[in-house]
Amino acid sequence: MRIAQIAPLYESVPPRFYGGTERIVSFLTEELVAMGHRVTLFASGDSRTHAHLVCGCPEALRLRGDVLDPIAHHVAHLRRVMDHAREFDVIHNHMDYLGFPLAAASLRPVVTTLHGRLDIPDLVPVFDAFPEVELLSISDAQREPLPGVRFRSTVQHGLPRDLLRAGDGSGGYLAFLGRMSPEKRPDAAIRIARRVGMPLRMAAKVDDADKEFFDAVVRPLLDTSLIEFVGEIDDAHKEQFLGEARALVMPIDWPEPFGIVMIEALACGTPVVARVCGSVPEIIDDGVTGFVCANEDEMARAVSRIDEIERRRCRLEFESRFTAAHMARAYVRVYHDVLGNWERGAA
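Residues numbered from 1 in each chain as written. Predicted model: local features only at pLDDT ≥ 70, side-chain atom pairs only at ≥ 80, totals over all residues. Heavy atoms only, no water.

### Observations regarding the overall build of the protein
Here comes step 1: Scanning the protein for helices and strands turns up 12 helices and 13 strands.
Here comes step 2: In summary, the protein has a C-alpha radius of gyration of 20 Å against a globular reference of 20 Å for 347 residues, a match within 12%.
Here comes step 3: Overall, the protein is about 65 × 45 × 40 Å in size when its C-alpha atoms are taken along their principal axes.
Here comes step 4: The buried share of the protein, reckoned over its 347 residues, is 53%.
Here comes step 5: Partitioning the contacts of the protein with sequence separation of at least 6, the portion at a separation of at least 24 is 65%.
Here comes step 6: When the accessible surface of the protein is split by element, carbon and sulfur atoms take 49% of a total near 14,800 Å².
Here comes step 7: Between the mean site of the 40 positive side-chain charges and the mean site of the 51 negative ones, the protein shows a separation of 3 Å. (Helix = DSSP H or I, 4+ residues; strand = E, 2+ residues; numbered from the N terminus. Rg over C-alpha atoms; globule rule 2.2 N^0.38 Å. Buried < 20%, exposed > 50% of the residue type's maximum accessible area, 1.4 Å probe, protein only. Contact = heavy atoms within 4.5 Å. Areas by Shrake-Rupley, 256 points an atom, 1.4 Å probe, with all protein chains shown as cover. Lys, Arg positive; Asp, Glu negative; His and termini not counted. Charge placed at Lys NZ, Arg CZ, Asp CG, Glu CD.)

Shown next as structure tokens:
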């Protein structure tokens, strides 16, 4: 198939550090190329890919200090896609609702994967205005705030099978990986580690928007040798960070649409202890690949039982459900279905 992938311009594909959407676009694009499809990636010019790259801007917008209106860059980005639309069998939009006008006006079929949270009232009018858009969710839980919206399918994320190898948990610490933001609850992770007396290593990004929260809530809790804040890490360091951890703790307090960090941990053979929010129960098999908990008290008790989880089973669950190949095959099935419907409608 001739497939276009449209990535946001905030990060390169793949991103240098944090960037969930752009990482998934990269994994999907490379897997589709390996399967023999002709793929064009619309992304920032500093992206790295085996697909044909169409540059939306020279450098990822996050890395530039002169960008005041990132939406303007994305509108121009979409125009480039429209100019090339006839060249593709299917166009895959990863820019959420910014790509809806493209989907409505395109001369070729467009599918949109929604990567973010949908529990925001401001989103309702835009979904009401574009009922014809072919929507894909990344978890069934992601759909819940929009019960009247039609989704074609759920396609869960996947990682390259050999991106991360299984570790043995020999570091003896708990791991926290993600962002230092209120909804990720790093403060809860620290409290849990203190309660069970286990070291906690925190590899996390501090966005400008979260700096006040970090300084006021998290930083005062770091005044103990039990807690280590290592800052933001890239993929090259995740294997050791997660593989040597006894467990990943994820005390989230928001409807997480997917949570890539959970399947990264499973790839490393590391069990996950998480709060029952959003997609968590769809990814973690309670008592098998980790523990799904209602609150901090349950999480602390679960951490104390973490040796009941077999690390080999965590890795096997990753291989059977969450590889990039599994994800790409699921998307290709969607592409064929949408293209077939499009062609029948045009006949």
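On we go.
### A short note on the pattern of salt bridges
Here comes step 1: Counting across every chain of the model gives 32 salt bridges.
Here comes step 2: Residue Asp119 is joined to Arg117 by a salt bridge in which the shortest nitrogen-to-oxygen separation is 2.8 Å.
Here comes step 3: Exposure remark for Asp119: the relative accessible area of 32% places this residue in the partly exposed category.
Here comes step 4: One salt bridge connects Asp297 with Arg195, and the closest N-O pair in it is separated by 2.5 Å. Of this pair, Asp297 sits in helix H10 (residues 296-304) while Arg195 sits in helix H5 (residues 186-196), and the two are 102 residues apart along the sequence.
Here comes step 5: Relative accessible area serves as the criterion here: at 36%, Asp297 is assigned to the partly exposed category.
Here comes step 6: In this structure, a network of salt bridges that share partners links the residues Arg185, Asp187, Arg191, Asp253, Arg275 and Glu296. (Salt bridge = Lys/Arg side-chain N within 4 Å of Asp/Glu carboxyl O.)

### Brief notes about the sheet that holds strand S7 (residues 153-154)
Here comes step 1: In spatial order, the strands read S3-S2-S1-S4-S5-S6-S7; together these seven strands make up an open sheet with parallel pairing. Every interior strand has two partners, whereas the edge strands, strand S3 (52-55) and S7, have only one.
Here comes step 2: Here four bridges tie strand S1 (residues 2-6) to strand S4 (residues 90-93), and the two strands are oriented parallel to one another. Its bridge partner lying in S4, Ile6 is registered against Asn93.
Here comes step 3: Lying on the sheet, helix H2 (residues 70-84) is in contact with S1, strand S2 (38-43), S3 and S4; it crosses S2 at an angle near 155 degrees. (Pairing = 2+ DSSP bridges. Axes fitted to C-alpha atoms, helices over the stretch in contact; angles between N-to-C directions.)

### A few points about the layout of surface pockets
Here comes step 1: Within this model, the second largest pocket holds a volume of roughly 170 Å³.
Here comes step 2: Together, Ala103, Ala104, Arg108, Pro109, Val110, Glu132, Val133, Glu134, Arg152, Val338, Asn341 and Trp342 line the second largest pocket.
Here comes step 3: Only helix H3 (100-105) and helix H12 (324-346) provide two or more residues apiece to the lining of the second largest pocket.
Here comes step 4: For the lining of the second largest pocket, a count of residues per class yields seven nonpolar, one polar and four charged. (1 Å grid on protein atoms, 1.4 Å probe; cavity = no way out; pocket = protein on both sides within 12 Å on 5 of 7 lines; lining within 4 Å. Points joined across faces, edges and corners; volume = space filled by probe spheres on them. Nonpolar A, V, L, I, M, F, W, Y, C, P; charged D, E, K, R; others polar.)

### Observations regarding the side chain of Arg315
Here comes step 1: Among the structural elements, Arg315 can be located in helix H11 (residues 311-321).
Here comes step 2: Polar side-chain contacts of Arg315 include one of 2.9 Å to the side chain of Glu319.
Here comes step 3: Not counting residues within four places of it along the chain, the set of residues in contact with Arg315 comprises Arg161, Leu164, Arg165, Ala166, Leu266, Ala267 and Gly269. (Polar contact = N/O pair within 3.5 Å; in protein donor to acceptor, adjacent residues only side chain to side chain.)

### Remarks on unusual backbone geometry
Here comes step 1: Cis rather than trans, the peptide bond between Val13 and Pro14 has omega equal to -5 degrees.
Here comes step 2: Although it is not a glycine, Asp96 adopts a positive phi angle of roughly 50 degrees.
Here comes step 3: Checked against the element boundaries, Asp96 lands in the loop between S4 and H3.
Here comes step 4: Residue Asp96 is classed as partly exposed on the basis of its relative accessible area, which comes to 24%.

### Considering the sheet that holds strand S11 (residues 245-250)
Here comes step 1: The sheet built from six strands is open, its strands ordered S10-S9-S8-S11-S12-S13 with parallel pairing. Either end of the sheet is taken by a strand with one partner, and the two such strands are strand S10 (227-229) and strand S13 (290-293). When strand polarity is set aside, the average angle formed by the axes of neighbouring strands in this sheet is 20 degrees.
Here comes step 2: Pairing between strand S9 (residues 200-205) and S10: three bridges, direction parallel. Each bridged residue has a counterpart across the sheet, and for Met202 the counterpart in S10 is Phe229.
Here comes step 3: The sheet contacts of helix H8 (residues 260-267) involve strand S8 (173-179), S11 and strand S12 (272-275), and relative to S11 the element is tilted by about 165 degrees.

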